[in-house]
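Results of the structural survey
Below, each chain spelled out in residue letters.
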Amino acid sequence: MKGRSRRPVVLIVGAALLVVAAGAWAAWPRLVPREVRREAGLNVLLVTIDTLRADALGAYGDPRAQTPWIDRLAQGGVRFARAHAHNVVTLPSHSNILSGRHPFGHGVRDNAGFRFPRGTDTLATILKRQGYHTAAFVSAFTLDSRFGLDAGFDVYDDGFAEGDAPTAFALPERSGVETVAAARRWLAEAGAGPYFCWVHLYDPHAPYQPPEPYASRFPDDPYRGEVAAADAALGALLEGALAAGKAGRTLVVLTGDHGESLGEHGERTHGIFAYETTLHVPLILFAPRLLDPRVVEDEVGHVDVLPTVLDALGLPLPAGLPGRSLLSLATGRAARAVPTYFEALSGQTTRGWAPLHGVTTGGWKFVDLPLPELYDLAADPREERNLAASRPAERERLRAALSAFRAQDRGPARSGEDPEVRDKLRALGYVSAAAPLGKRYTPDDDPKRLIDLDAAIETVIARHRAGDVLGALTLCEEVVARRPDMPAALLQLALLRRKAGQLAPAVEALRRAVAVSPEDEGTAALLGSYLNEAGQPAETVRLLEPYAVRPEAGLDTLVARGAAFAQLGRAREARATFDRAIAADPSRALTLVQRATVEMMAHDDAAARADLEAAVARDDRLALAHHTLGLLAARRGDDAEAERRFRRALALDPAHYDAMLNLGSLLARRGRRAEARPYLEQFAAGAPPSVYAHEIARARAWLGKIASN
Ligand SMILES: [Zn+2]
């Protein structure tokens, strides 16, 4: 009996010929196709979990996983066993999911330096037009509204770490528990009519620091601890739909934006390669009203999500989309196999390595690199045997399929960036130095030969984050010695050298980065700000001239150049440059403070005060704004207001040496010696002598005088 049941069984069901493995016997009645049902006005809940490997879920066969909520969703829904992302980083992948377009269709090819284009439809814009209430709750800066995915959402809640100054290696993210709570508050108050709600959880993304009890449950596997924590956070969001069953009016779509390599193929996280570790994602459709439980083995991709949702709601599909509705597959019908396109361009855009493009179809996978790769995924799911040389027919068949996609690709084109973006992306480990595009790549540029450098850069970032600046710096110098033309490494090197107090060598590293990729305006602007710091503003003005004359000059360029003009005493040009910077991004409070400083130089205190008050209205937590308002108040003789502002600046930033000095001096001048003393003592002891030598001497002299009185 056992022997007989192990043979593959062929079932003839209508016109479809299905081969069923013996183990699937129990489920065979479900393989009978059901009618495709659609229903207008269903709610849509899209859940995306960042950095989620399919095989880290119980539903996808991981015996160690503790993912009961997602497993229940899969059990009651349609689980796509072979779903692929088209990108292996967050912003492009979510752009694919939400728009139903390939990365070359919407233009977002990497996190740093790209924005989703205005005017391109997404699930949100389409459902909004259908009268849906729409809201998004995202958990990481990579999906901040400034990157353009907010169009069509009534509410786009990206409220993480807002108001905090971006600091290198601080992590702008929020926990799944908080994000789900925000989404549930909105859902509880959403008015009559259907809703589309997108919830993005970030917990599994590095660094892996699961909260308890998951840290203790997964002491040797914190990644899976984070996955368990994300699952637990989803419970409150999913339990209603799960409990409602066929009576429920919500279509739930759950997927991951990409996976995580966890060291396989030499890659620690994600972004460089496109092995199944990062390309294979979970995809679950749950709508018991429409769909019976089923497992679909056909290959599908993220571009299929939007057509599937619209089809389920009985809405017409927009023309020109590359994906297809999966409802036929989800109801057990056979469908023609469609190749799935994928790419991984972070190696090219931030490291100057060869770009990676590829395709999967019929269980085969082709990766187009200087050293091409071909895998038989059924026989070799871990992609350990490259068959590119031994199976030329399959290789060329897949190469042709890839060419059909590539023919539509006009190549990556970056949008402008701003310095806050770069700081925050740097904090995420996505160093956004741009590498030159369009050069010829050789096997020496193949990421397979360079991945250990990537691991080294990640170690550099980890050491830096842990506060080991010198350890990080030593390793970074080694990386740059091995491959001197890698902008991402040169940028890290510059950051670390500056942090180690080596400003001139930091400037040198950035000069090399700009030399490697002069079209990367962001690196040039950073060099400008370092030159300002090094007391070389005249060079900044020259360096940034070519970028600044362009109408689309970036905010960081204008700010660095404006500050250089200010340092040179060229107040009129400084002010004009900051005017442009503010026009480029009116929401940024810090630029208003910088313009106010220039206005004070030109003795236009009224304008300065208006700018500073506008800055504080936008962001009350900017210590620099309060400090500068204090200076203005002191200048007009309003000591009480000056004192209040200096104190506020110090409360926000206890290491604000200017505020410390000015508050101490003001109190001393008012004869409040006992109050002044601790501020001036702290200033004299802590302020860096390289910047404040003169002021430290003055403070010491005053302290010495009152000590002897
Ligand atoms: Zn991601």
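What this report covers is the structure whose coordinates are included nearby. (Residues numbered from 1 in each chain as written. Predicted model: local features only at pLDDT ≥ 70, side-chain atom pairs only at ≥ 80, totals over all residues. Heavy atoms only, no water.)

Description of the overall build of the chain
- The number of helices and strands found in the chain is 29 helices and 14 strands.
- Counting every position in the chain, which comprises 709 residues, the buried fraction comes to 57%.
- When contacts within the chain are restricted to residue pairs at least 6 apart in sequence, those whose partners lie at least 24 apart make up 64%.
- Here the chain displays about 28400 Å² of accessible surface, and carbon together with sulfur accounts for 53% of that area. (Helix = DSSP H or I, 4+ residues; strand = E, 2+ residues; numbered from the N terminus. Buried < 20%, exposed > 50% of the residue type's maximum accessible area, 1.4 Å probe, protein only. Contact = heavy atoms within 4.5 Å. Areas by Shrake-Rupley, 256 points an atom, 1.4 Å probe, with all protein chains shown as cover.)

Some words on the side chain of threonine 122
- Within the fold, threonine 122 resides in the loop between helix 4 (103-106) and helix 5 (123-129).
- The class of threonine 122 is buried, set by a relative accessible area of 2%.
- The residues touching threonine 122, leaving out its near neighbours within four places in the chain, are Leu98, Ser99, Phe116, Ala151 and Leu306.

Section: the packing of aromatic side chains
- In total, this model carries 15 aromatic pairs according to the counting rule given.
- Their ring planes at 45 degrees and their centres at 5.5 Å tell us that tyrosine 341 and phenylalanine 405 sit as a pair that is tilted. One end of the pair, tyrosine 341, is in strand 11 (residues 340-344); the other, phenylalanine 405, is in helix 13 (residues 392-406), with 64 residues separating them in the sequence. Each member of the pair, tyrosine 341 together with phenylalanine 405, is buried.
- Through pairs of rings, three or more aromatic residues link up here, namely Phe153, Tyr156, Phe196 and Trp198.
- The ring of tyrosine 60 carries the charged tip of arginine 79 above its face, separated from the ring centre by 4.6 Å.
- A cation over an aromatic ring shows up here: arginine 351 above the ring of tryptophan 353, its NZ or CZ 5.8 Å from the ring centre. (Phe/Tyr/Trp six-rings, centres within 6.5 Å; stacked < 30°, edge-to-face > 60°. Lys NZ or Arg CZ within 6 Å of the ring centre and 35° of its normal.)

Comments concerning the packing of helix 26 (residues 639-652) against helix 27 (residues 657-669)
- Between helix 26 and helix 27, the shortest axis-to-axis distance is 9 Å and the interhelical angle comes to 145 degrees. The hand of the helix 26/helix 27 crossing is left-handed. Each of Asp639, Ala642, Glu643, Phe646, Arg647, Ala649 and Leu650 in helix 26 lies in contact with helix 27, whose residues at this interface are Ala659, Met660, Asn662, Leu663, Leu666, Leu667 and Arg669. (Axes fitted to C-alpha atoms, helices over the stretch in contact; angles between N-to-C directions. Left-handed = near helix turned anticlockwise from the far one by under 90°.)

A short note on the coordination of the zinc ion
- The coordination sphere of the zinc ion, as far as protein atoms go, consists of Asp50 (OD), Thr90 (OG1), Asp257 (OD) and His258 (NE2), spread over 2.0 to 2.1 Å.
- The site at the zinc ion holds 4 donor atoms, and with the angles between them running 101 to 118 degrees, its shape is tetrahedral.
- In the primary structure, the donors to the zinc ion are separated according to the pattern D-x39-T-x166-D-H. Taken together, the residues threonine 90 in helix 3 (residues 90-99) and histidine 258 in the loop between strand 8 (250-256) and helix 9 (276-279) connect sequence positions 168 residues apart. (Donors = N, O, S within 2.8 Å, 3.2 Å for Na, K, Ca; no water. Tetrahedral: all angles 85-135°; square planar, octahedral: opposite > 155°, others 65-115°.)

Purely geometric numbers; function is a separate question.
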